[in-house]
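Each chain, letter by letter, is given below.
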Amino acid sequence: MIAIVPGWLQAGGWGLLAGAALLVGAGIAYLVRLPQKAIASVMAFGAGVLLSAVSFDLIAEAHDQAGLAPAAIGAATGAVIYTGCNMLLARRGARQRKRSGDQQPSEQDQQGSGTALALGALLDGIPESVVIGASLLGGGAVSLVTVVAVFISNIPEGLSSAAGMRNAGRSSRYVFGLWGGIALISGLAAVAGYTVLGAAPAALLAGITALAGGAILAMIADTMIPEAFDQAHLLIGLITVAGFLTAFALSQA
């Protein structure tokens with residue numbers, strides 16, 4: 001007899017899997033000294049993947065579920081919340097948390113910047129994980145596009161951020177402890193997305209899905225695109241489109 005895995009446990013597993021990609025990226029950053037342009041290329045691909053997922057798997061789905069108003073209000077609210085929290089963290093040293101060069105401050109440069117970096121990483125990852133958990137509601141299968149998009153985009157995020165932390169003098173224990181903790185919290189956030197939103201009406205669920213989409217879109221513009229285009233080369237635009245089309249193809253499969 002085949003045991004049925006509870007939905008909340010499935011949600012946690014998928015969220016943990018997507019979050020674990022941050023550790024993969026951090027490991028690459030420590031094992032391989034990639035050129036800045038290579039990191040920018042990988043980040044551009046990840047940005048394209050997430051842009052597609054937000055467009056077709058989050059905002060469009062919210063619109064289909066409840067119409068334009070909840071989708072638009074949710075997305076705008078998510079962007080406002082993310083931007084407000086990001087502004088607070090930026091003042092404490094987390095502004096350049098996904099930059100791979102020498103932009104990140106060390107603890108000596110700015111006291112408390114390590115904590116701000118950790119909170120910033122949480123701010124970036126929680127909306128994605130909540131959406132993964134919520135996608136299992138109603139007894140359906142997990143949104144494979146969202147999981148793959150988050151996983152693919154988390155690799156360059158972890159890679160770029162870990163490279164910047166290394167350059168700022170932060171220890172490998174700090175870096176891998178941070179991303180390991182974020183991966184675990186991503187799993188818990190996915191469980192919360194499944195359990196807390198289980199009884200939510202369709203309009204509220206659509207609004208929250210769009211809220212997460214707006215937060216992710218603001219994160220892409222604020223933290224991923226600057227890194228991708230800081231070391232821009234002539235193929236950056238093509239690489240971003242390749243990431244976009246990869247996620248779009250998955251959504252149509």
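Within each chain, residues carry numbers counting from 1 in the order of the written sequence. Selection of residues for local features in this predicted model requires a pLDDT of at least 70, selection of side-chain atom pairs for listing and counting requires 80 or more, and totals for whole chains, interfaces and linings are taken over all residues. Side-chain figures throughout are based on the complete set of non-hydrogen atoms in the structure, without hydrogens or water.

Q: How should the overall build of the protein chain be read in this particular structure?
A: Strands are runs of DSSP state E lasting at least two residues, helices are runs of H or I lasting at least four, and both sets are numbered from the N terminus onward. Summing up its helical and strand segments, the protein chain has eight helices and zero strands in all. Along the protein chain, helices and strands appear, N-terminal first, in the series α-α-α-α-α-α-α-α. We compute the radius of gyration over the C-alpha atoms and compare it with the globule rule, which gives 2.2 Å times the number of residues raised to the power 0.38. For the protein chain, the C-alpha radius of gyration of 17 Å lies close to 18 Å, the compact-globule estimate for 253 residues. Principal axes of the C-alpha set define a box for the protein chain whose edges measure 50 × 40 × 40 Å. Three labels apply to residues, based on accessible area from a 1.4 Å probe with only protein chains included: buried if under 20% of the type maximum, exposed if over 50%, partly exposed otherwise in between. Considering the protein chain as a whole, with its 253 residues, one finds that 47% of them fall into the buried category. Residues are treated as being in contact if the distance between any of their heavy atoms lies within 4.5 Å. Restricting to contacts in the protein chain with at least 6 residues of sequence separation, those with at least 24 account for 84%. The Shrake-Rupley method, run with a 1.4 Å probe sphere, supplies the accessible areas, and residue values consider only the shown protein chains as cover. Summed over all atoms, the accessible surface of the protein chain reaches about 11200 Å², with 70% contributed by carbon and sulfur.

Q: Sorry if this is basic, but what is going on with the UniProt feature "transmembrane region" (unreviewed entry) in the protein chain here?
A: UniProt positions are given in the numbering used here, feature names are shortened, and annotations may be inferred rather than shown by experiment. Annotation from UniProt places "transmembrane region" (unreviewed entry) at residues 12-32, 39-60, 66-89, 174-196, 202-220 and 232-250. Here residues 39-60 runs as 100% helix and 0% strand, with 30 Å between its end C-alpha atoms. Across residues 202-220, the secondary structure splits into 100% helix and 0% strand, with the terminal C-alpha atoms separated by 27 Å.

Q: Explain empty space enclosed by the protein here, please?
A: A water-sized probe, rolled over the atoms, reveals where empty space remains. Buried and open spaces are told apart on a 1 Å grid over the protein atoms alone, a cavity being a set of points where a 1.4 Å probe fits but cannot get out and a pocket being an open set with protein on both sides within 12 Å along at least five of seven lines. Residues with an atom within 4 Å of a point are the lining residues. Grid points are joined across faces, edges and corners, and a volume is the space filled by probe spheres set on the points. A full pass over the atoms with the stated rule returns three cavities of 30 Å³ or more. Approximately 100 Å³ is the volume attributed to the largest cavity. Lining the largest cavity are 16 residues, and of these Leu22, Gly125, Glu128, Asn154 and Ser186 lie nearest its centre. Those elements giving two or more residues to the lining of the largest cavity turn out to be α1 (7-31), α4 (113-134), α5 (144-167) and α6 (172-196). Ranked by residue count, the leading element in the lining of the largest cavity is α4, at five residues.

Q: I keep staring at the layout of surface pockets and nothing clicks. Help me out?
A: Here the largest pocket defines a volume of roughly 170 Å³. Around the largest pocket sit Gly78, Ile81, Tyr82, Cys85, Leu123, Ile126, Pro127, Val130, Ile208, Leu211, Ala212 and Ala215, which together line it.

Q: Got a minute to help me understand the packing of helix α3 (residues 68-94) against helix α7 (residues 202-230) in this structure?
A: If you want to describe how two helices pack, look at the angle between their axes and the distance between the axes. Axis geometry follows a simple rule: fit a line to the C-alpha atoms, using only the stretch in contact for helices, then measure angles between N-to-C directions, giving values from 0 to 180 degrees. Packing of α3 against α7 brings their axes to within 6 Å, and their N-to-C directions diverge by 45°. With respect to α7, the element α3 is oriented oblique. Between α3 and α7 the crossing geometry is right-handed. From α3, Pro70, Ala71, Gly74, Ala75, Thr77, Gly78, Ala79, Ile81, Tyr82, Thr83 and Asn86 reach across to α7, where they touch Ala203, Gly207, Ala210, Leu211, Gly214, Ala215, Ala218, Met219, Asp222 and Thr223. Any angle that falls under 35 degrees is termed roughly parallel, while one over 145 is termed roughly antiparallel, one within 65 to 115 roughly perpendicular, and all others oblique. Each crossing gets its hand from how the near helix is turned against the far one by less than a right angle, where anticlockwise is left-handed and clockwise is right-handed.

Q: I'm lost on a nonpolar patch on the surface in this one. Help?
A: Patch construction takes residues with relative accessible area above 30% that form no salt bridge. Like charges are linked within 9 Å, and nonpolar side chains (Val, Leu, Ile, Met, Phe, Trp, Tyr) are linked within 5 Å. Think of a salt bridge as a Lys or Arg side-chain nitrogen and an Asp or Glu carboxyl oxygen that are within 4 Å of each other. A cluster of nonpolar side chains, contributed by Val5, Trp8 and Leu9, occupies part of the molecular surface with about 290 Å² of accessible area. Position of tryptophan 8 relative to the elements: it lies in helix α1.

Q: Please explain the nonpolar core as it appears in this structure.
A: Counting residues in each nonpolar core, the largest one holds 22 residues, and the members touching the most others are Leu50, Leu58, Tyr82, Ile216, Met219, Ile220 and Met224. Those elements that provide at least two residues to this core are α2 (36-66), α3, α4 and α7. Considering each element in turn, this core owes the most residues, eight residues, to α7. Contacts of isoleucine 220, omitting those with residues within four sequence positions, involve Ala47, Leu50, Leu51, Ile225 and Pro226. We call a set of buried Ala, Val, Leu, Ile, Met, Phe, Trp, Tyr and Cys residues a nonpolar core when their side-chain atoms join them within 4.5 Å.

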